[in-house]
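Listed below are the residues making up each chain.
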Amino acid sequence: MKQGGKLAGGNPERGRVKNDFYATHPDSTKALLEVEEIIYPALEPACGQGHISKLLDPYKTKNFDLMDRGYGNVGVDFLTADFLGEYNTVITNPPFNLFQEFVEKALKIANKKVIMFGKLQALEGQKRATFLQTTPLKTVYVFKKRQQPMRDGKVNDENGKKLSSHMAFAWYVWEKEYVGEPIIKWI
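The structure presented is a predicted model; accordingly, all values stated were derived computationally and were not measured.

Some thoughts on the pairing of strand β7 (residues 137–142)
Step number 1: Counted residue by residue, β7 has 5 buried out of 6 residues, so it is predominantly covered.
Step number 2: Relative to strand β9 (residues 169–175), β7 is paired through 5 bridges, and the arrangement is antiparallel. Looking at the pairing, valine 140 lines up with tyrosine 172 of β9.
Step number 3: Summarising the sheet, β7 and strand β10 (residues 183–186) pair through 4 bridges and their orientation is parallel. Along β10, the bridge assignment pairs valine 140 with isoleucine 184.

What about the confidence of the model for the protein?
Step number 1: On average, the protein scores 85 in pLDDT, and the residues at 70 or more come to 80%.
Step number 2: pLDDT under 50 marks residues 1–12. Its contacts with residues more than four places away, or in other chains, come to 13 contacts.

Some thoughts on the environment of leucine 79
Step number 1: As for its position among the elements, leucine 79 is in the loop between β4 (73–74) and β5 (89–92).
Step number 2: Overall, the relative accessible area of 30% leaves leucine 79 in the partly exposed class.
Step number 3: C-alpha of leucine 79 to C-alpha of proline 45: the two residues are 34 residues apart in sequence and 9.3 Å apart in space.

A closer look at the sheet that holds strand β6 (residues 113–119)
Step number 1: The strand order across the open sheet built from 8 strands is β4-β3-β2-β5-β6-β9-β7-β10, with neighbouring strands paired in mixed fashion. The sheet is open, and its two borders are formed by β4 and β10, each paired with just one other strand.
Step number 2: Note that strand β3 (residues 61–65) and β4 share 2 bridges and pair parallel. By the bridge assignment, phenylalanine 64 is partnered in β4 with asparagine 73.
Step number 3: In the packing of helix α3 (residues 99–109) onto the sheet, the strands contacted are β2 (42–44), β5, β6 and β9, and the crossing angle to β6 comes to about 170 degrees.

Structural notes on the pairing of β5
If a strand is regular, its side chains alternate between the two faces of the sheet.
Step number 1: Neither face of β5 is open: one carries Thr89 and Ile91, the other Val90 and Thr92, and all of them are buried.
Step number 2: Taken together, the 2 bridges between β2 and β5 define a ladder with parallel strand orientation. When the bridges of β5 are listed, leucine 43 appears paired with valine 90.
Step number 3: Judged from the 4 bridges that link them, β5 and β6 form a sheet pairing that is parallel. Note on β6: the bridge partner recorded for threonine 92 is methionine 116.
Step number 4: You can see the chain leave β5, run along α3 and come back into β6, and the turn it takes is right-handed.

Thoughts on the nonpolar core
Step number 1: Counting 27 residues, the largest nonpolar core has Leu43, Phe78, Phe83, Met116, Tyr172 and Trp174 as its most contacted members.
Step number 2: Those elements giving two or more residues to this core turn out to be α3, β6, α4 (126–133), β7 and β9.
Step number 3: The dominant element in this core, judged by the number of residues it contributes, is α3, at 6 residues.
Step number 4: Contact partners of tyrosine 172, with chain neighbours within four places excluded, come to Phe99, Val114, Ile115, Met116, Gly118, Lys119, Leu120, Ala122, Leu123, Leu137, Thr139 and Val140.

What counts and what doesn't
Per-chain numbering applies: the sequence of each chain, read as written, is numbered from 1 onward. Per-residue local features of the predicted model are confined to residues with pLDDT of at least 70, and side-chain atom pairs are confined, for both listing and counting, to 80 or more; whole-chain, interface and lining totals are unaffected and use all residues. Based on all heavy atoms of the structure, the side-chain values leave hydrogens and waters out of the count. Partly exposed describes any residue whose relative accessible area lies between the buried limit of under 20% and the exposed limit of over 50%, with all areas from a 1.4 Å probe on protein chains only and scaled to the type maximum. Secondary structure elements are defined from DSSP: runs of H or I of at least 4 residues count as helices, runs of E of at least 2 residues count as strands, and each element is numbered from the N terminus. For two strands to be treated as a pair, DSSP must find at least two bridges joining them. Note: pLDDT gives the predictor's confidence per residue, expressed from 0 to 100. By definition in these notes, contact holds between two residues if any of their heavy atoms fall within 4.5 Å. Helix axes are fitted only over the stretch in contact, all axes being lines through C-alpha atoms; the angle between N-to-C directions runs from 0 to 180 degrees. Clockwise travel from the first strand over the helix to the second, with the strands pointing away from the viewer, marks a crossover as right-handed. Here, the term nonpolar core denotes a set of buried Ala, Val, Leu, Ile, Met, Phe, Trp, Tyr and Cys residues that are joined through side-chain atoms within 4.5 Å.

As structure tokens, this is what we get:
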């Protein structure tokens, strides 16, 4: 086994999941909802199998995804589609490699808040850090306990063993009217 992949948080022998589908475990969303209010109506633009959306108000949340995973309106590319309607909150777990692009688009759409689940290392990198410094990023909720994103939407691997992750994750919350430095909180 390659040690570098292990340190990065994955198993290099498994490779990446097709279309970067690492679903948000319901416990991760429940932890967020204990500390953060969703201002409806809401948009979930990468809803996957509905792991986040199913915990939100179903009558006040619109769900879209590029891929058909059995939930929401499919075939909709968040980064290129025009979203009509009034969305106070955009909340999602974007593909990790498109984190910044999803934030940029969500900040154009949301009237009040943008909430993204992502790797803690999203704070790193000159380009991304410089970008984040120009946004109304209010709170970064860092998990005290390792979260277990569901590889290809599954909790267990092909042998029935519970999947685990060595990566650190956080919820990132932008508030459109916020001015100031980001606040770090632990959940």
